[in-house]
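Listed below are the residues making up each chain.
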2 protein chains.
Amino acid sequence: MSEGTVFVGTKPIMNYVLATLTQFNEGATKVVIKARGKAISRAVDVAEIVRNRFLPNVDVTSIKIDTEELESEQGRKVNVSTIEITLEKKEE
Amino acid sequence: MSEGTVFVGTKPIMNYVLATLTQFNEGATKVVIKARGKAISRAVDVAEIVRNRFLPNVDVTSIKIDTEELESEQGRKVNVSTIEITLEKKEE
């Protein structure tokens, strides 16, 4: 059972949709879509588009949120929220 | 067992944090934080700030994502992602 990961950033959403589809096509049974900060809403868009438009046999099996502490360029500590959305192929 | 709801939009994040804290203080054992589109990342921030900074006895017990179809002013149909994050007081 192979597992893939897609990090969602600031590129067009369809790039990440395609990356996810590619990982499933190459044999992944599970792909984890990860994002931080403002990209979180885009990660949800990616999961919803994959599931509704392209792969109806894929389910959201887990969603986790968390906080990461980053250091800014000025050395200040900044908290940033994170999300991990797990998509899995349904058993046939 | 009383249940509250907080809709996260474009106001400062602390407004929604305070709204959530108020609902717990007024006796809610469960508060559902809801958001659409770009506000989704802010809803995650609200849940994380409530849990990490103010109410360590509150857990994220469920996160759901979905898609809603809205009609734009031009009558065009637009899909928008949604999130619902459920915070619940732990049993003492």
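Cut-offs and rules
Residues numbered from 1 in each chain as written. Chains lettered and ligands numbered in written order. Predicted model: local features only at pLDDT ≥ 70, side-chain atom pairs only at ≥ 80, totals over all residues. Heavy atoms only, no water. UniProt positions renumbered as here; feature names shortened; annotations may be inferred. Axes fitted to C-alpha atoms, helices over the stretch in contact; angles between N-to-C directions. Helix = DSSP H or I, 4+ residues; strand = E, 2+ residues; numbered from the N terminus. Left-handed = near helix turned anticlockwise from the far one by under 90°. Contact = heavy atoms within 4.5 Å. Nonpolar A, V, L, I, M, F, W, Y, C, P; charged D, E, K, R; others polar. Pairing = 2+ DSSP bridges. Least-squares fit on C-alpha atoms with pLDDT ≥ 70 in both.

The name given to chain A in an unreviewed UniProt entry is DNA/RNA-binding protein Alba, with the source organism recorded as Ferroglobus placidus. For chain A, the Function (unreviewed entry) comment in UniProt is given as "Binds double-stranded DNA tightly but without sequence specificity. Involved in DNA compaction."

### Remarks on the packing of helix α2 (residues 40-54) of chain A against helix α2 (residues 40-54) of chain B
At a minimum axis separation of 6 Å, α2(A) and α2(B) run at an interaxial angle of 115°. As α2(A) packs across α2(B), the resulting crossing turns out to be right-handed. Between α2(A) and α2(B), the residues in contact are Ile40(A), Ser41(A) and Val44(A) and Ile40(B), Ser41(B) and Val44(B), respectively. Broken down by class, the residue content of the contact of α2(A) with α2(B) amounts to four nonpolar, two polar and no charged.

### As for the sheet that holds strand β2 (residues 28-36) of chain A
The mixed open sheet is built from four strands, whose spatial order is β1-β2-β4-β3 (chain A). The open sheet is flanked by β1 (2-7) and β3 (58-71) of chain A, the only strands paired with a single partner. On average, adjacent strands in this sheet sit at an angle of 20° to one another, irrespective of strand direction. Relative to strand β4 (residues 77-89) of chain A, β3(A) is paired through 13 bridges, and the arrangement is antiparallel. The residue of β4(A) that forms the bridge with Ile65(A) is Ile83(A). Its contacts with the sheet put helix α1 (residues 13-25) of chain A on β1, β2, β3 and β4 of chain A, and the angle it makes with β2(A) is roughly 155°. Strands in contact with α2(B) are β3 and β4 of chain A; relative to β3(A), the strand with the most contacts, it is inclined by about 65°.

### Remarks on the UniProt feature "domain: DNA/RNA-binding protein Alba-like" (unreviewed entry) in chain A
In the numbering used here, UniProt assigns the "domain: DNA/RNA-binding protein Alba-like" (unreviewed entry) feature to residues 5-67 of chain A. Annotated as 44% helix and 35% strand, the span residues 5-67 of chain A places its first and last C-alpha atoms 19 Å apart.

### Quick look at the pairing of strand β4 (residues 77-89) of chain B
Residue and element names in this part refer to chain B. Both strand β2 (residues 28-36) and β4 contribute to a ladder of seven bridges, which runs antiparallel. Its bridge partner being in β4, Lys30 is matched across the sheet by Glu88. Following strand β3 (residues 58-71), the chain reverses through five residues before pairing antiparallel with β4; Gly75 in that reversal takes a positive phi of roughly 85°.

### So, the relation of the copies chain B and chain A
When chain B is fitted to chain A, the best match, at an RMSD of 0.0 Å, comes from turning it 180° and sliding it 0.0 Å along the axis. Here the transformation between the copies is reduced to the relation of a two-fold axis. For chain B, the smallest separation between a C-alpha atom and the rotation axis is recorded for Ser41(B), amounting to 2.6 Å. Most of the interface of chain B is mirrored in chain A, where 100% of its interface residues again form contacts.

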